[in-house]
Amino acid sequence: MKMMKTWILKMMKTTKENIWVSVAGIVIVILIGILGWKWSLNMAAESCEDKAITALVEKNAGVFRDDEADEKLIVKLSDGQVYLYNNDEAIFGPCQYIFNDFDSNCSVFRYFEDGLIRYAKVEDGIVSVICPATFLDASEMSDGSACVKENGFYYYIDNDGEYLTTGKYMKAYPFSESQGQYARVQTMDEKWSIINTREEQILSGFDSINKLPYCTTVGAGVKDGKVVLFSLDSIEHQQPYIICEYEEYVEIDFSYAMADIAFVKTKDGKNGVINANNGDIVVPAEYEDLKWGYMDSINDNQMWFRCEKVDGTYDIHYWNK
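Residues numbered from 1 in each chain as written. Predicted model: local features only at pLDDT ≥ 70, side-chain atom pairs only at ≥ 80, totals over all residues. Heavy atoms only, no water.

### Considering the pairing of strand β24 (residues 281–287)
The pairing of strand β23 (residues 271–275) with β24 spans three bridges and is classified as antiparallel. Following the sheet pairing, Val-273 is matched in β24 by Val-283. (Pairing = 2+ DSSP bridges. Helix = DSSP H or I, 4+ residues; strand = E, 2+ residues; numbered from the N terminus.)

See below:
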């Protein structure tokens with residue numbers, strides 16, 4: 001402590017005796033302040049640039065790479081028109097809008113022209129329109145196909161814009177819902193079916209079908225007024241099949257399918273839980289509301305359910321997956 005005090009006194013004495021040391025110190029402080037101010041201005045400019053509409057449009061496209069060379073595809077907006085650039089060269093446009101469909105597996109993208117959707121493909125830095133038709137509705141090309149609407153009906157096309165299916169449907173959803181394996185369609189008799197890429201009806205006669213599972217093999221729908229739980233498991237030539245039918249339920253919620261459970265609701269609004277794999281009851285459908293969670297962060301096999309009753313009190317149910 002005494003040595004520190006002695007050093008400070010020496011520095012003060014040196015500063016008083018040598019005015020140039022004081023001036024140099026002041027100059028250094030000023031320079032540091034100027035550098036800090038410029039840095040803050042640059043950061044603010046970058047922040048504003050990120051929020052500009054041109055920057056947002058340019059971020060609309062991702063990166064696509066082919067076998068020949070790396071291509072960086074960027075969407076740019078200029079004078080109200082949209083262009084596709086490969087690095088610094090415009091390779092497509094102008095058009096109204098280009099969808100963010102670019103990824104490492106597919107070079108096909110959608111774009112708006114005259115208010116309708118079209119498809120184009122990038123190959124070796126050259127863009128070509130792959131389908132002469134224009135569509136009122138069209139999904140992203142994914143898992144080798146896309147679902148499109150033309151002349152009031154839905155059908156499917158492949159990566160080259162060719163027909164993947166021959167039938168036309170009143171309503172349809174992409175095969176990408178189930179990683180390219182199955183799709184749900186509404187046939188001309190207004191019933192819903194699940195088809196494969198060969199257009200075979202795997203399950204049919206539904207009043208409605210929920211969105212097909214992407215990561216699991218269990219789905220749900222309504223058939224003949226009954227809620228139906230079905231499996232799309234095709235391992236070892238296992239055909240899709242109906243797991244259970246429920247007359248007492250009007251809704252099945254698969255928001256938590258990764259937890260192997262599904263929430264169910266009765267006609268009078270009561271809530272319960274079923275095992276999504278086999279349809280067994282986990283929590284009876286007699287509660288006003290349900291909350292759930294895992295017993296701890298390590299053991300994800302045991303779950304708890306806090307079930308609210310009519311009188312506001314709770315029951316607790318436990319379940320081992």
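So that's the structure; there's more coming.
### Examining the sheet that holds strand β16 (residues 201–206)
Pairing within the open sheet is antiparallel, and its four strands lie in the order β13-β14-β15-β16. Only two strands of the sheet have a single partner each, and these edge strands are β13 (171–172) and β16. Two strands pair when backbone bridges link them, and strand β14 (residues 182–186) and strand β15 (residues 192–196) are joined in this way by five bridges, in the antiparallel orientation. Paired with Gln-186 across the two strands is Trp-192, which belongs to β15.

### Some remarks on the nonpolar core
Val-108, Tyr-119, Phe-135, Ala-138, Met-141, Val-148 and Ile-157 are the most contacted members of the largest nonpolar core, which has 15 residues in total. Looking at this core, the elements with two or more residues in it are β8 (116–123), β11 (145–150) and β12 (153–158). If near-sequence neighbours (up to four positions away) are discounted, Val-148 is found in contact with Tyr-119, Phe-135, Asp-137, Ala-138, Phe-153, Tyr-154, Tyr-155 and Ile-157. (Core = buried A, V, L, I, M, F, W, Y, C linked by side-chain atoms within 4.5 Å. Buried < 20%, exposed > 50% of the residue type's maximum accessible area, 1.4 Å probe, protein only. Contact = heavy atoms within 4.5 Å.)

### Some details on the pairing of β8
In terms of residue burial, β8 counts as a mostly covered element, since six of its eight residues are buried. In the sheet, strand β7 (residues 108–113) pairs with β8 via six bridges, with the strands oriented antiparallel. Residue pairing across strands places Glu-113 opposite Leu-116, the latter belonging to β8. Adjacent in sequence and paired antiparallel, β8 and strand β9 (residues 126–129) are bridged by two residues, among which Asp-124 carries a positive phi angle near 55 degrees.

### Focus: the sheet that holds strand β5 (residues 89–95)
Read from one edge to the other, the open sheet built from three strands follows the order β3-β4-β5, with strand pairing classed as antiparallel. Sheet topology places β3 (73–78) and β5 at the edges, where each strand pairs with a single neighbour. Between one strand axis and the next, the sheet turns through 25 degrees on average, direction left out of account. Pairing analysis gives four bridges linking strand β4 (residues 81–86) to β5, with the strands arranged antiparallel. Paired with Tyr-85 across the two strands is Ala-90, which belongs to β5. (Axes fitted to C-alpha atoms, helices over the stretch in contact; angles between N-to-C directions.)

### Quick look at the side chain of Ser-193
Residue placement: Ser-193 occurs in strand β15. By relative accessible area, which is 2% here, Ser-193 ends up buried. In this view, Ser-193 contacts Ala-183, Arg-184, Val-185, Thr-187, Gln-201, Leu-203, Ser-204, Gly-205 and Ile-209; residues no more than four positions away in its chain are not counted.

### Brief notes about the packing of aromatic side chains
Ring pairs (aromatic) are described by centroid distance and by the angle formed between their planes. Summed over all chains, the structure comprises 15 aromatic pairs. Summarising the aromatic geometry, the rings of Phe-92 and Tyr-111 are spaced 4.8 Å apart at their centres and angled 70 degrees between planes, so their arrangement reads as edge-to-face. With Phe-92 in strand β5 and Tyr-111 in strand β7, this pair connects stretches of sequence that are 19 residues apart. Relative accessible area serves as the criterion here: at 15%, Phe-92 is assigned to the buried category. (Phe/Tyr/Trp six-rings, centres within 6.5 Å; stacked < 30°, edge-to-face > 60°.)

### Here's the deal with unusual backbone geometry
The residue after Gly-93, namely Pro-94, is reached through a cis peptide bond having omega 5 degrees. By secondary structure assignment, the location of Pro-94 is in strand β5. Unusually for a residue other than glycine, Asp-79 sits at a positive phi of about 55 degrees. With respect to the helices and strands, the residue Asp-79 is situated in the loop between β3 and β4. The phi dihedral of Gln-179 is positive, around 60 degrees, even though this residue is not glycine. The residue Gln-179 is located in the loop between β13 and β14 in this model.

### Things to note about the environment of Ala-172
Within the fold, Ala-172 resides in strand β13. The spacing of Ala-172 and Lys-149 is 23 residues in sequence and 8.8 Å in space, taken between C-alpha atoms. Excluding residues that lie within four positions of it along the chain, Ala-172 makes contacts with Cys-147, Tyr-154, Tyr-156, Arg-184 and Val-185.

### Observations concerning the pattern of salt bridges
Going through the model one piece at a time under the given rule, you end up with nine salt bridges. A salt bridge links Arg-184 to Glu-177; the shortest N-O distance between them is 2.8 Å. Neither residue differs from the other here; Arg-184 and Glu-177 are each classed as buried. One salt-bridge network, in which partners are shared between bridges, spans Lys-226, Glu-245 and Glu-247. (Salt bridge = Lys/Arg side-chain N within 4 Å of Asp/Glu carboxyl O.)

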